[in-house]
Amino acid sequence: MLENLLLTFAVALLCGIALAASAGGRAQPAAKADFFVAPKGNDAWSGKSPAPNADGTDGPFATLARARAAVRELKARPLRRDLTVLLRGGRYPLARPLVFGPEDGGTKGHSVTYAAYPGERPILSGGRAVTGWKKSAGHLWTAEPAGVKAGKWHFTELFVSGRRARRARSPNKGFYRVVSAGPDGRTSFSFRQGDLRRHGNLRDVEIVFLHDWSISRIRVKDVDEEACTVRLTDPIGAGLGFFQITGFEPHPRYLMENARELLDEPGEWYLDRKTGLLSYWPAPGEKLAEAEVVAPVIERLLEVTGDAPNGKFVENLHFVGLGFAHCAWPRPAHGYAAGQAGFHDARTAKERHSMRARVPAAVEFEAARNCSFENGRIEHVGGAGISLRGLCRGCRIVGSVLADIAGNGVMIGEPGQDPKATASDNVVSNNYIHHCGAEFYGCVGVWAGITDGTVVSHNEICHLPYTGVSVGWCWDAKPTPCRANRVEFNHIHHVMQILSDGGGIYTLGRQPETLLRGNLIHDVPPNAGRAESNGMFIDEGSALILIQGNTIYATAKTPIRFHKATTNTIRGNTLVVPGGQKPFMFNACREDSMTYQDNTVVEAKSFKPPQPSRLQAGPEPAYRKILARRR
């Protein structure tokens, strides 16, 4: 019942925003709220009206932090009604993360909501505008962001006119191939004559190295052009043996990034930390005098955290229609060496292969109950997009756009198996999740670790370097708290665009009552690495999962692959096979350990792709048109 009421409220508010925006500027009735916030407000005012009064003596607050304090004052007395704060459209710069605790939420009976003013789009930004551009040599323009030369600010991402600009790299397209690994298989390799050069500022140059399903980002120590060898400051690959340079294939892919000499194509940039000079080659038709150029500063935008040890959770707190953008994540000092889905070695100077840290999220909930992020937008961030961590229960991510995310788009739960820390009954529904893994290619659209009752439904998830949805985090069939998860009616396409050994949906471990149902999966290209990519990859330990009513087509390899999996049921699926392929592939597991019922196998040449709406895949009608306008 609560879920249906929240859905009705969210759709009504979202439709109200759309209707107000389409009113052609006609005056609309003033929205009602307890407090208002506006970019030109004043934290000394009462916050009781949406605009300043005639004599400029009262009006909305200027910051969300001030509105939060006002809500706390109201909550000093028992909360007997819902509270609402409305944010006017425009940009709100954040110098530090917005933090909400148990004292900021609602109760089981009443909510606290921070929402967009009808018809307007507030954006909370953790970035800083880069201005003062000057024409330089050739096609380049330069600026000197304050604090860079002094070592007070360093950024690895730049956003120009709402798009992620590319750090200077080589090659400009595709990748180089390793010729052979060095003696230890980790810290050096040989390259083909002419591929690499010994550029200036070597301490800032990175090798981006591709393993089958993850990547490493390691700084360069030296390049010997005559011997065609490169040495690195830290080891390539996570601690397990197969992550060494040639652990997956003899000539793996890599590229070099972040040298001034590599800035040779429109849309690229380079930041020189020694001189403090930022260089940029504008994209065709781009005018820097008119463009908005933003670099991220702070490392988290929104943090909602309860006090679980003392039994104090954040309850019934909602964020509706808000945009969050421009969030940094500094690269680890000893390199980024990922194992899977962005989990990487937490290296220290003494221990180079300690396990595993997660890429942090721009928006994070922890120890939260019945909270939501609805009809919002998270984009242009340097880590993950949004995370519902351990002890989150009944929380919802609904009707939102997550785009241009460096790491995972959505993360649910934890990798650990402690039942007391298991996220449960959380929902990720009716979202448009695309272009995640923009910097860390092994990241995914939606990651659900050891979770109970997670629902991932009616999302469009696409244009990803690796997997669309990953569920489970145990590499054998031993019992864990992971169970009863549902991945259903999603439209997943154009995934596995760079890496291999994944799929539209990927599972791990024993998951009783878990259901993969009604998903439409297509456009999974040939694997560029060693292992193949699939529509679904049911990986190690996956057991007791029902795979029902899915449609999978346009996969270069097998629609469904099983690896060390057992006792799953495959029922009523439509599997379109390319020439010469079988509908199922089995690696290190028995075909007769599965149950098959009423599946339809179709040859690709005779299959006509269906519209997602006919299969009820992707966002539901109430969200579909509105999300399309916000792409």
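Just so it is clear, the model here is predicted, and its values are computed rather than measured.

Here we have eight strands laid out as an open sheet, ordered β7-β22-β10-β11-β20-β21-β9-β8, and mixed in their pairing. Either end of the sheet is taken by a strand with one partner, and the two such strands are β7 (127-129) and β8 (134-135). Pairing between strand β9 (residues 141-143) and strand β21 (residues 277-280): three bridges, direction antiparallel. Looking across to β21, one finds that W141 is bridged to Y280.

Quick look at the pairing of strand β33 (residues 384-388) now. Counted residue by residue, β33 has five buried out of five residues, so it is predominantly covered. Judged from the four bridges that link them, strand β29 (residues 361-366) and β33 form a sheet pairing that is parallel. Bridging across to β33, F365 finds its partner in L388. Bridge analysis of β33 against strand β36 (residues 410-412) gives three bridges, and the strand direction is parallel. In the strand pairing of β36, S387 is matched with M411.

The next thing to look at is the sheet that holds strand β40 (residues 446-448). If you walk across this open sheet you meet the 11 strands as β4-β23-β29-β33-β36-β40-β44-β47-β50-β53-β56, and the pairing is parallel. Single-partner strands in this sheet number two, and they are β4 (98-100) and β56 (584-587). The average undirected angle you get between the axes of adjacent strands in this sheet is 10°.

A residue-level look at the protein finds 94% of positions with pLDDT of 70 or above and a mean pLDDT of 93. The model gives residues 1-27 a pLDDT under 50, and that stretch makes 30 contacts with residues more than four places away or in other chains.

This part is about the nonpolar core. In this structure, Y114, F319, F365, I560 and F562 are the most contacted members of the largest nonpolar core, which totals 109 residues. Beyond its immediate stretch of four places on either side in the chain, Y114 contacts L64, A67, R68, V71, V85, F100, L317, H318, F319, V320 and L322.

What follows is about the side chain of H326. By secondary structure assignment, the location of H326 is in strand β26 (residues 323-327). Those residues in contact with H326, other than ones at most four positions away along the chain, are R91, S125, G126, G127, F159, V294, P296, L301, E379, H380 and V381.

Turning next to the packing of aromatic side chains. Counted under the stated rule, the structure contains 31 aromatic pairs. A ring pair is formed by F584 and F586, whose centres lie 6.3 Å apart and whose planes are at 50°; its orientation type is tilted. We classify F584 as buried; its relative accessible area is 14%. Counting every residue linked through ring pairs, the aromatic cluster contains F100, Y114, F319 and F365. Sitting over the face of the ring of F100, R68 holds its NZ or CZ atom 5.8 Å from the ring centroid. In this arrangement the basic side chain of R169 is found over the ring face of F175, its NZ or CZ atom lying 5.7 Å from the centre.

What the rule picks out here adds up to 39 salt bridges. Ionic pairing is found between E206 and R167, a salt bridge with its closest N-O pair at 3.2 Å. Highlighted residues: E206 in strand β16 (residues 206-210) and R167 in strand β11 (residues 163-167), separated in sequence by 39 residues. Each member of the pair, E206 as well as R167, is classed as buried. The salt bridge partner of R358 is E414, with a shortest N-O separation of 3.1 Å. Placement of the pair is R358 in the loop between β28 (343-344) and β29 and E414 in the loop between β36 and β37 (423-424), with a sequence separation of 56 residues. With respect to burial, R358 and E414 carry one shared label: buried. What emerges from the salt-bridge pattern is a single network uniting E157, R164, R167, E206, R217, E257, R331, D404 and E439.

Thresholds, definitions, all that
For every chain, the first residue of the written sequence is number 1, and numbering continues from 1 onward in sequence order. Reporting in this predicted model follows two pLDDT cut-offs: at least 70 for local features of residues, and 80 or more for side-chain atom pairs to be given and counted; totals over whole chains, interfaces and linings ignore these cut-offs and use all residues. To obtain the side-chain values, all non-hydrogen atoms of the structure were included, while hydrogens and water were left out. Two strands are counted as paired when DSSP detects at least two bridges linking them. Helix and strand labels come from DSSP, where a helix needs a run of H or I of at least four residues and a strand needs a run of E of at least two; each type is numbered from the N terminus. For every residue, the accessible area obtained with a 1.4 Å probe (protein chains only) is divided by the maximum for its type, and the residue is called buried under 20%, exposed over 50%, and partly exposed between those limits. Working convention: axes come from line fits to C-alpha atoms, limited for helices to the stretch in contact. Angles between N-to-C directions cover 0 to 180 degrees. pLDDT expresses, on a scale from 0 to 100, how confident the predictor is about each individual residue. Between two residues, a contact is recorded if the distance between any of their heavy atoms is within 4.5 Å. Nonpolar core, defined: a set of buried Ala, Val, Leu, Ile, Met, Phe, Trp, Tyr and Cys residues in which side-chain atoms within 4.5 Å join the residues together. Here is the rule: rings of Phe, Tyr and Trp (six-membered ring for Trp) pair when centre to centre is within 6.5 Å. Planes less than 30 degrees apart are stacked, more than 60 are edge-to-face, and the remainder are tilted. Placement of a charge over a ring requires the Lys NZ or Arg CZ to be within 6 Å of the ring centre, with the centre-to-atom vector within 35 degrees of the ring normal. The working definition used for a salt bridge is a side-chain nitrogen of Lys or Arg within 4 Å of a carboxyl oxygen of Asp or Glu.

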